[in-house]
Amino acid sequence: MLTQIARTDHEPAAKEAVNRAVLHLRQGDVVALPTETVYGLGADALDPVAVAKVFEAKERPAFDPLIVHLPHRKWLTQVATIPAGLEEVIARLTETFWPGPLTLVLPKTDRVPDIVTSGLPTVAVRVSNHPIFKRIVKELDRPIAAPSANRFGRMSPTSAAAVQEELQGRIPLIVDGGACSCGLESTIIRLEPASPKPRIHILRAGPVTADHLKPFGKIAKERRNESVEANAPEAPGMLQSHYAPGKPLRLLDSPAAFRPEPGLRYGLLSYRGEEEDGYLDLAPWTQVAVLSPGSGKLPEAGVRFFHLLRQLDRAGDVDEIIAEPVPDRGVGAAIMDRLRKASASRPQSY
Ligand code: TXA
Ligand code: MG
């Protein structure tokens, strides 16, 4: 299959790209679409045959459910039911964070095909804030099921070129909406009625942080992801092999933890690129990629994270990627989550 790339950086190309994407979606095809978090591989969420093509193109196991992206907040009650006692918190959360990188897991309605939720009684929903995605989903006027547009177990793509690396030849169209403005997958939460405040379980850390969510309820302490079995139902992106580059990645907790092996060439994924942090002088790195050059700003690190990881993964003179830790707070918690999973997983072959 020939994979075409549709540009959107000017009109009328953008309008044409939107029309082409909508046409494919109406025909039951999958298309790669930009969102503010990462690129998604979208299909009409209400068409089980189209959704099956998403699993096929990604080689995604059927037990890993998809996120449903709504055209508008008002669509929520079409695909999900609002549990008693959560009406207010859900209204406040969706008013505050939608459109945006927050995904809610709620009981599903019968309109959502079982294949979307892998047979679970719940559905994960969000409304994307990306201008092109918004145009496409509104024009389609149906929800779009879209996991990240990578092959299963690999890194999420944050540019059209990265999607191409992942899915070239497997899908008809990639809509190029530029680089993703968050660069990390959405925060996924589950809510539990409780008094005096509902409890918020963060199932996947992301751009909407625990601090952002605190005013809306009590943040429940989750078990660490490692304890979740590969096929456990409440396991959003929680498989250990997620976010894996093709090369081995080692996450250090301090400079002293680095033990180089003779003959191996190492690339450093640095947080600030500052000598005083103690990592730059540790080894004759063949590559140094800096997440947040000089400034040490976590959102900037988030935007660049998957892009730089891909760069190190591709570099011909790097055998192993060594990652500095980033502060485990705010968006940093989401980055550390991805780094821990990438370093726990065995390298994937291309
Ligand atoms: O930012 C994002 O969330 C991106 C963009 C495209 O929206 N999507 C994304 O999808 O990251 P994906 O499939 O790569 O990750 C979504 C995770 C999956 O790991 C899945 O396990 C979890 O959401 N999930 C989906 N439905 C669920 C449900 N009903 N209960 C618990 N987890 C669920
Ligand atoms: Mg994914």
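Scroll up to find the structure.
Please read these numbers as outputs of a predicted model, since none were measured by experiment.

Draft legend 1. Quick peek at the packing of aromatic side chains. Overall, the coordinates contain four aromatic pairs when judged by the stated rule. Grouping aromatic residues by their ring pairs yields a cluster made of Phe-258, Tyr-266 and Trp-285.

Draft legend 2. Geometry of the environment of Ala-50. Structurally, Ala-50 is set in helix α2 (residues 48-58). Along the backbone, Ala-50 and Ala-145 are 95 residues apart, and their C-alpha atoms lie at a distance of 9.5 Å. Here Ala-50 is in contact with Gly-28, Val-30, Ala-43 and Asp-44, once residues within four sequence places are set aside.

Draft legend 3. Broad picture of the nonpolar core. Among the nonpolar cores identified, the biggest contains 48 residues, and Leu-93 and Val-125 are the most heavily contacted of them. The next biggest cluster of nonpolar side chains, apart from the first, holds 25 residues, and it includes Met-155, Leu-184, Ala-301 and Ala-315.

Draft legend 4. Seen up close, the sheet that holds strand β14 (residues 287-290). Spatially, the four strands line up as an open sheet ordered β12-β15-β13-β14, and their pairing is parallel. Looking at the sheet topology across the chains shown, the edges are occupied by β12 (249-251) and β14. Averaged over neighbouring strand pairs, the angle between their axes works out to 20 degrees when direction is ignored. Summarising the sheet, β12 and strand β15 (residues 320-323) pair through three bridges and their orientation is parallel. Among the inter-strand pairings, Arg-250 is bridged to a residue of β15, identified as Ile-322.

Cut-off values and rules
Residues numbered from 1 in each chain as written. Chains lettered and ligands numbered in written order. Predicted model: local features only at pLDDT ≥ 70, side-chain atom pairs only at ≥ 80, totals over all residues. Heavy atoms only, no water. Phe/Tyr/Trp six-rings, centres within 6.5 Å; stacked < 30°, edge-to-face > 60°. Helix = DSSP H or I, 4+ residues; strand = E, 2+ residues; numbered from the N terminus. Contact = heavy atoms within 4.5 Å. Core = buried A, V, L, I, M, F, W, Y, C linked by side-chain atoms within 4.5 Å. Buried < 20%, exposed > 50% of the residue type's maximum accessible area, 1.4 Å probe, protein only. Pairing = 2+ DSSP bridges. Axes fitted to C-alpha atoms, helices over the stretch in contact; angles between N-to-C directions.

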